[in-house]
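What follows is each chain in one-letter form.
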Amino acid sequence: MADSGVIDGPGRKDEIERAKSEGKDLTKEEKQRLRKEKKQQKKIKEKKDDKASQENEKEKKPVTSAAPASQPPTQPTVQKAPSAVPATAPVSVPASEASVPADKPTKTKAELKAERRARQEAERASKQTKKGETGQQAATSKPKAPPSDLQPVVKRLPEHIQVDNPDVLKKLAKKLERQQTPEHYAAKKIPLRSDYGYKVSLFSHLHQYSRKAPLTQQLSIPSTVIHPAIVRLGLQYSHGIVAGSNARSVALLHAFKQVIRDYTTPQNEELSRDLVNKLKPYISFLNQCRPLSASMGNAIKYIKKEISNIPSNCKEDEAKNKLLNCIESYINEKIILAGVAIAKCAIEKQKISDGDVILVYGCSSLVNHILCKAFEKNRKFRVIVVDSRPRLEGKEALRRLVQKGISCTYVLISAVSYILPEVSKVFLGAHALLANGYVMSRVGTSQIALVAKAFNVPVLVCCETYKFCDRVQTDSFVSNELDDPDDLIVTRKGTTPLEGWENESSLGLLNLVYDVTPPDFVDLVITELGMIPCTSVPVVLRVKNVDQ
Amino acid sequence: MELQAVLMAAGGGSRMTDLTYNTPKAMLPVGNKPLMWYPLNLLEKVGFEEVIVITTKEVQKAMSTDLKIKDVKMKLDVVSIQEDGDMGTADALRHIQPKIKTDILVLSCDLITDVALHEVVDLFRAHNATMAMLMSKAHEFTETVPGQKGKKKTAEQRDFVGVDKSGKRLLFMANEADLEDGLSIRKSIMRKHPRMLIKTGLVDAHLYCLKKAVVDFLTENKSISSIRGELVPYLVRKQFSKTVNSQKLKDDTDDQTQEKNDGPLLISSRDEPLLQLAQERSCWNDHRGDMSEAYHGGKLRCYVHIMDQGLCCRVNTLAAYIEVNRLAPKLFEEPSVHPSADISERCQMGSDSIIGAVCHIADKTSIKRSTIGNFTTVKEKVKVTNSIIMHGVTIEEGCNIQGSVICSNAVIGRGADLKYCLVGNGQHIEPEGKSTKNSSDRL
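It should be emphasised that the depicted structure is a prediction, and the values quoted were computed from it without experimental measurement.

**Here's the deal with the overall build of chain B**
The helix and strand tally for chain B stands at 13 helices and 32 strands. Here chain B holds 443 residues, and the buried ones make up 53% of them. Contacts spanning at least 24 positions in sequence make up 55% of the contacts within chain B whose residues lie at least 6 apart. Summing over all exposed atoms, chain B offers an accessible surface of approximately 20600 Å²; the carbon and sulfur share of this is 48%.

Right, here's the structure in full:
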């Protein structure tokens, strides 16, 4: 199309040039006339084009088919069309110029246009056939938006729940390759962690890693590609040393602080853009050590926003200080003070009253904090701690509560329906609150909520607002986390029944980490904004987005 | 930078003086490569780019001429110290303290291993440990040691190593020599770790990851001179000492002086409150059953990785040297015959023998399970079995060498028959000489 602008109807051009040189603006009528004439010319050209190109093709086809060149006869017809057309295009241009000297420039330009269009259509057709050959991935990957006027929103599935799709895995590997930090040559890249063991078919779309094969095996030891603080953090995540939504976010922000402190802007780069690029491979690394939690995701979004909002005229030290202060204030506001506010809210609004029997599940840092604070305020209550294998986190919760002096009972989840008649309230922690009001928490939480509902016991979920997530999920299968299956193996009295489980073809071990609880089972959510029903989560999200 | 590597190559080889009186221990050939090449290779494979090598001037000179060491792609920062032997490993660390900017990985030059180094370093990283070390199950040496008459009862002193039930945390470390009247374990340790496994059959690989704070601590405490002998047991004991754990005893004057000494050890990093917060909020604990938090609130932690498979050998005795010559070549996929060696066709060479560079092996020789060094000449009708021949040796016709170690530049006369002998540097064995279980040096 580059030609078309230059070459114009010779007559009109002279007039316009004359007008311009005389310094007169083209009047409206003249402009309209120009436009009409251009359109007419185009139409005429197109008609002539088609005829001309057809003629040329007929002429040139015997030529091209005779020329053996690089076209093996076995090529499918679809592919022959695009290869024939470009072959004709350069051939036809001089030919047309030679054969049709009268209409000189317009003809060739129009012909080129038609040929280009034909080429594009042919390529599109060939792409379609290729996609048809490779299978029904069109269904799971980008759903093809029908070329209708509606233009529906195209939803793309995140890659961490498409593990059984080999194309997606290849894309992920390529992405990790590309994400190496720029000063290191291509040999050093973020390694790809491979899955371990047989995955139960319902969950085969998720990653399942083994703790015995850490990602650090493939990294160099004085780790240069990834900042040492991030490597340490990744190891702590994968070993479970830092576990729990709040702890993981705080540890992540602490590691980012160290990264920012050790960061120096390279030449000709801006801190606001380069630092974000530096953080990308670190985040991929952490994601492979252990899939990111919703709270971590929100923290990362916040940091990235803060970094990109740094003005370009800001000096490096100032910028770094600003970022460090931002991180400090984020942790202070969203985690520490939010916890204090939630505890205050729960205690003052008499959610924990004298004589209460409170049931907690697993080890939620926020729920423990609330109970300890209530005990300090001299409320008389007792706690029932419900625990489940393989993590047995309840033991840690039990330790912390008993250390404070709270009287506790400890049961396993299988005894929950036995103990529930004694319970007056259930306090649950949350890993994330989804946009449709579902609560994502440790596996087993939805069971407890269900049984509590059956016994008419109120269920209260405590959650800070920074864990609210835009995702929507109605079941625990679509997106979850699979932990190391070897954790389920236990040795009792010297025997390990599940020892050789990998060799049994019909045996699969499933160690789920999260599950979702529907809002019907949750009576109240206590956040630092107040006590809201589960269905008000999207409102909070909306308000938050408006604020930002 | 995360870790700096320090290679201790100034050791004298006091337990194998027969071999080391002429060649420094770091340059002894093992499988035709100098001994210190093996730890350097380990570091290079794992991804280190720089190593600080602490050694004597003699070794430094030898290093500059050795081809294999020149092959090493890492940057070697050689620091030479006096050869009088009074400087212990900890003294050496004190000497290079200005160069140390971050945590260090200390290696000994006589370590030959194929350990996955990330196992040790991961313990160091994940638990934010003060020290992480490597140990391995000991193997009996089965080969007869030349120069030893009769089976020598190893008067080696045992090491008692106590680990917790996960097998990773180091609770107790003492050498038999230091335990005069029995092994006593403090009650505080038993209270915190009621299940402790005490192992004696372990070999210390002398590979330590130490925090930078430990090096700073060494500069203040000049009384510690050996890492293995004094520093490591000190750190292991300090894990459970009262001043480390409770801050309430600041009034006590005795504890104050101790605290001053331990000051550098307990230096906390910046953002300690954030780390504390993360640990508080985390629902993880390394032990169950008592009321204390993770790690019992202790800031000083020592970890150990115990290898049960694979090769891990310290070459500090003659028996170890011979054993390692057998095993070390299997670590690498190199051809057993150097391309520049000239071997005649009628030579019978076993598959587990190694021939060095520019060797001349004549006809009708038989070489089985042996290592032949560079520039050696082996004449006709020689039988070499189970032996180690170092560089520059000439073996005349008709010799029979069995189970022996022949040091560099020796000449074995015609028809000599050596069984389980050790021939020193530059020695000449008379023709038709017969020696059994003899060690000839400095005659």
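**Topic: the interface of chain B and chain A**
Contacts between chain B and chain A engage 34 residues on the former and 41 residues on the latter. Interface area for chain B against chain A, summed over the two sides, is near 3400 Å², with a carbon-plus-sulfur share of 60%. Counting across the chain B and chain A interface gives 0 salt bridges. The tally of links from chain B across to chain A stands at 18 residue pairs in polar contact (both at pLDDT 80 or more). Elements with a contribution of two residues or more to the side of chain B that touches chain A: α6 (117-126) and α12 (272-281) of chain B. Residue classes in the side of chain B that touches chain A are distributed as 15 nonpolar, 8 polar and 11 charged.

**Considerations on the domain arrangement of chain A**
Residues and elements named next belong to chain A. Along its sequence, chain A is organised into domain 1 (212-348) and domain 2 (350-547). One C-alpha centre belongs to domain 1, the other to domain 2, and the line joining them spans 26 Å. Overall, the association of domain 1 and domain 2 removes approximately 2200 Å² of surface from exposure, summing both partners, and the carbon and sulfur fraction of that is 57%. Of all residues in domain 1, I342, A346 and I347 bury the most surface against domain 2, accounting for 29% of the area lost on that side. Inspection of the domain 1/domain 2 interface yields 2 salt bridges. With a shortest N-O distance of 2.9 Å, E481 and R290 are connected by a salt bridge. Those elements giving two or more residues to the side of domain 1 that touches domain 2 turn out to be α9 (245-261), α11 (294-308) and α12 (316-348). Top element by residues in the side of domain 1 that touches domain 2 is α12. It accounts for 13 residues. Of the residues that constitute the side of domain 1 that touches domain 2, the class distribution is 12 nonpolar, 7 polar and 6 charged.

**Regarding helix α13 (residues 318-327) of chain B**
Taken across its 10 residues, α13(B) has 9 buried, putting it largely inside the fold. Inspection of α13(B) places L318(B), A319(B), A320(B), Y321(B), I322(B), E323(B), V324(B), N325(B) and R326(B) among the buried residues, and these make up the whole buried set.

**A look at the UniProt feature "domain: EIF2B subunit epsilon/gamma LbH" (unreviewed entry) in chain B**
Mapped onto this structure's residue numbering, the UniProt feature "domain: EIF2B subunit epsilon/gamma LbH" (unreviewed entry) falls at residues 341-432 of chain B. For residues 341-432 of chain B, the helix share is 0%, the strand share is 39%, and the end-to-end C-alpha distance is 28 Å.

**Some remarks on unusual backbone geometry**
Cis rather than trans, the peptide bond between R389(A) and P390(A) has omega equal to -5 degrees. Along the chain, P390(A) falls in the loop between β2 (381-387) and α14 (394-404). Positive phi is not limited to glycine here, since N268(A) has a value of about 60 degrees. Here N268(A) shows up in the loop between α9 and α10 (271-289). Its identity as a non-glycine residue notwithstanding, Y420(B) has a phi of 50 degrees, on the positive side. Along the chain, Y420(B) falls in the loop between β28 (417-419) and β29 (422-423).

**Structural notes on the pattern of salt bridges**
Overall, the coordinates contain 32 salt bridges over all chains when judged by the stated rule. We note a salt bridge from K212(A) to D486(A), for which the minimum N-O separation is 3.4 Å. You can see K212(A) sitting in the loop between α7 (166-178) and α8 (228-239) and its partner D486(A) sitting in the loop between β7 (459-462) and β8 (514-517), a full 274 residues away along the chain. The partner of K379(B) in a salt bridge is E396(B), with the nearest N and O atoms 3.5 Å apart. Of this pair, K379(B) sits in the loop between β21 (377-378) and β22 (383-385) while E396(B) sits in the loop between β24 (394-395) and β25 (400-402), placing them 17 residues apart in sequence. Each of the salt bridges in this network shares a partner with another, and the network as a whole consists of R211(A), R391(A), E393(A), R442(A), D483(A) and D487(A).

**A look at a nonpolar patch on the surface**
All names here are of chain A. There is a patch of nonpolar side chains on the surface, built from I336, L337 and V340 and spanning about 220 Å² of accessible area. Structurally, V340 is set in helix α12. You can call V340 partly exposed: its relative accessible area is 39%.

**Re the side chain of T20(B)**
Residues and elements named next belong to chain B. Inspection of the secondary structure puts T20 in helix α1 (residues 17-20). The class for T20 is buried, based on a relative accessible area of 11%. Leaving out residues up to four positions away in the same chain, T20 has contacts with G12, G13, K25 and L28.

**Things to note about the confidence of the model for chain A**
Residues and elements named next belong to chain A. In this model, chain A carries a mean pLDDT of 81, and residues with pLDDT of at least 70 account for 78%. Low pLDDT, under 50, characterises residues 1-9; the stretch is placed with 11 contacts to residues that sit more than four places away or in other chains. Considering only residues more than four positions removed or in separate chains, one finds that residues 60-104, a stretch of pLDDT under 50, has 34 contacts.

**Description of the pairing of strand β9 (residues 159-164) of chain B**
All names here are of chain B. Judged by how many residues are buried, β9 sits mostly within the fold: 6 of 6 residues are covered. Residues D159, V161 and V163 point to one face of β9 and F160, G162 and D164 to the other, with burial holding for every one of them. Both β9 and strand β10 (residues 170-175) contribute to a ladder of 5 bridges, which runs antiparallel. Within β10, the residue paired with F160 across the bridge is A174.

**Section: the sheet that holds strand β4 (residues 50-56) of chain B**
All names here are of chain B. Strand order in the open sheet formed by 7 strands is β5-β4-β1-β6-β12-β8-β13, with mixed pairing between adjacent strands. The two strands at the open ends of the sheet, each matched to only one other strand, are β5 (75-81) and β13 (302-307). Each strand axis lies, on average, 25 degrees off the axis of its neighbour in the sheet, ignoring direction. Two strands pair when backbone bridges link them, and strand β8 (residues 131-137) and strand β12 (residues 202-210) are joined in this way by 6 bridges, in the antiparallel orientation. Looking at β12, one finds that M131 is bridged to L210. Most of the contacts of α6 go to β12, to which it runs at about 55 degrees, and overall it touches β1 (3-9), β6 (103-108), β8, β12 and β13.

Calculation rules
- Along each chain, numbering runs from 1 in the same order as the chain's sequence is written.
- Starting at A for chains and at 1 for ligands, labels are handed out in the order in which the entities are written.
- Whole-chain, interface and lining totals are the exception, using all residues; otherwise, since this is a predicted model, local features are given only for residues with pLDDT of at least 70 and side-chain atom pairs are given and counted only at 80 or more.
- The side-chain quantities take in all heavy atoms of the structure and omit both hydrogens and water.
- Segments assigned H or I by DSSP are reported as helices when at least four residues long, segments assigned E as strands when at least two residues long, and all are numbered from the N terminus.
- Burial classes follow relative accessibility: with a 1.4 Å probe on protein chains only, a residue under 20% of its type's maximum area counts as buried, one over 50% as exposed, and anything between as partly exposed.
- Contact between two residues is taken to exist if any of their heavy atoms lie within 4.5 Å; hydrogens are not considered.
- Accessible areas in this description were obtained via Shrake-Rupley with a 1.4 Å probe; residue shielding takes into account the shown protein chains only.
- Note on definitions: buried area is the accessible-area loss of two parts on being combined, 1.4 Å probe, summed for both.
- We define a salt bridge as a side-chain nitrogen of Lys or Arg found within 4 Å of a carboxyl oxygen belonging to Asp or Glu.
- What qualifies as a polar contact is a pair of N or O atoms within 3.5 Å, subject to a donor-acceptor requirement within protein and to the restriction that residues adjacent in sequence count only when both atoms come from side chains.
- The nonpolar class holds Ala, Val, Leu, Ile, Met, Phe, Trp, Tyr, Cys and Pro. Asp, Glu, Lys and Arg form the charged class, and all remaining residues, Gly among them, are polar.
- Note: domain ranges come from an automatic or database domain assignment.
- UniProt positions are given in the numbering used here, feature names are shortened, and annotations may be inferred rather than shown by experiment.
- Exposure above 30% relative accessible area and the lack of any salt bridge qualify a residue for a patch; like charges then connect within 9 Å, and the nonpolar side chains Val, Leu, Ile, Met, Phe, Trp and Tyr within 5 Å.
- pLDDT is a residue-level measure of predictor confidence that goes from 0 to 100.
- Strands qualify as paired when DSSP identifies two bridges or more between them.
- Fitted lines through C-alpha atoms serve as axes, helices being fitted only where they are in contact, and the angles separating the N-to-C directions of these axes extend from 0 to 180 degrees.

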